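Analysis of the macromolecular model
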Amino acid sequence: MDKRSEIIQGSNSAREIMREARRRFKETLKLNPVAAYVALANTHCLLIRRYMSWWQWLSALSHMACAMGHAKNASLIAAQTSIGLTADETDVVARIFAKSPWWLGGDRAVALSFLYMALYLGKDPGMKPHTRALMLMTLAEIEVDFGDEDNGWKHYQEAVGLCPEIESECHGFGINL
């Protein structure tokens, strides 16, 4: 487990987690700015869960706004350069766009386009089964919310159909489910 995972999963303070995330952001920014922004956005998303109590909602909102800003930066840089988004990065960015409220910049239609492009148009042969399943579930949630329940359930079923592949992937890493 890398240091980032240990810090986030441990009982460390949000200040420590963000200090480590910002340090990694600075290290990665010149090499791959898209990956740097996505990693920082993902860290903010992970911290939102810590502040779901009603008396901490301002902190959760602040992290959500930061995650949305970093996700937008990543998608803009990816669109303007030849770097592009990997499947894992697309999953993170699409989930942030889908889960953020419209008044923070969230847009489910944008998330939908990211997901369709990654899943069906620009099929990445190296996409991991669990990444595909997560994207399919996000896509299904959006479609159900838009009223297309039939298509949403098809995507859920496709995600469930990936369970044997995900289990074999986990066994390859020595993880028993």
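Right above here is the structure, for reference.
Cut-off values and rules
Residues numbered from 1 in each chain as written. Predicted model: local features only at pLDDT ≥ 70, side-chain atom pairs only at ≥ 80, totals over all residues. Heavy atoms only, no water. Core = buried A, V, L, I, M, F, W, Y, C linked by side-chain atoms within 4.5 Å. Buried < 20%, exposed > 50% of the residue type's maximum accessible area, 1.4 Å probe, protein only. Helix = DSSP H or I, 4+ residues; strand = E, 2+ residues; numbered from the N terminus. Contact = heavy atoms within 4.5 Å. Polar contact = N/O pair within 3.5 Å; in protein donor to acceptor, adjacent residues only side chain to side chain. Salt bridge = Lys/Arg side-chain N within 4 Å of Asp/Glu carboxyl O. Disulfide = S-S within 2.5 Å.

Some points on the nonpolar core
Burial of nonpolar side chains together is a common tendency in soluble globular proteins. Ranked by internal contacts, the top residues of the largest apolar core, which has 44 residues, are V93, I96, F97, L115, L119 and M135. Residue assignment for this core shows that the elements contributing at least two residues are α2 (14-29), α3 (33-48), α4 (57-80), α5 (87-99), α6 (108-121), α7 (129-145) and α9 (163-172). If one sorts the elements of this core by residue count, α3 sits on top with eight residues. If near-sequence neighbours (up to four positions away) are discounted, F97 is found in contact with M68, A71, K72, S75, G105, G106, D107, R108, V110, A111 and F114.

With respect to the environment of R24
Inspection of the secondary structure puts R24 in helix α2. By relative accessible area, R24 is classed as partly exposed at 27%. The spacing of R24 and L40 is 16 residues in sequence and 8.5 Å in space, taken between C-alpha atoms.

Structural notes on the environment of E89
Mapped onto the elements of the fold, E89 is located in helix α5. Here E89 falls in the buried class, since its relative accessible area comes to 11%. C-alpha separation for the pair E89 and V38, spaced 51 residues apart in sequence, amounts to 6.3 Å. Discounting chain neighbours no more than four positions away, the residues touching E89 are V34, A35, V38 and G84. At 3.0 Å, the side chain of E89 and the backbone nitrogen of T86 are in polar contact.

Here's the deal with the pattern of salt bridges
With the rule as written, the count across this model stands at seven salt bridges. For R23, the salt bridge goes to E20, with nearest N and O atoms at 2.6 Å. Residue R23 and its partner E20 are both found in helix α2; the two are separated by three residues, about one turn of the helix. In this structure R23 comes out as partly exposed when scored by relative accessible area, which is 37%. Classification of E20 as buried rests on a relative accessible area of 7%. Residues joined by salt bridges that share partners form a network here, namely E20, R23, R24 and E27.

Topic: the state of the cysteines
Summed over the entire model, instances satisfying the criterion amount to zero disulfides. A disulfide-free cysteine, C45 has its sulfur positioned 11 Å from the sulfur of C66, the nearest such atom.

These figures come from the coordinates and say nothing about function on their own.
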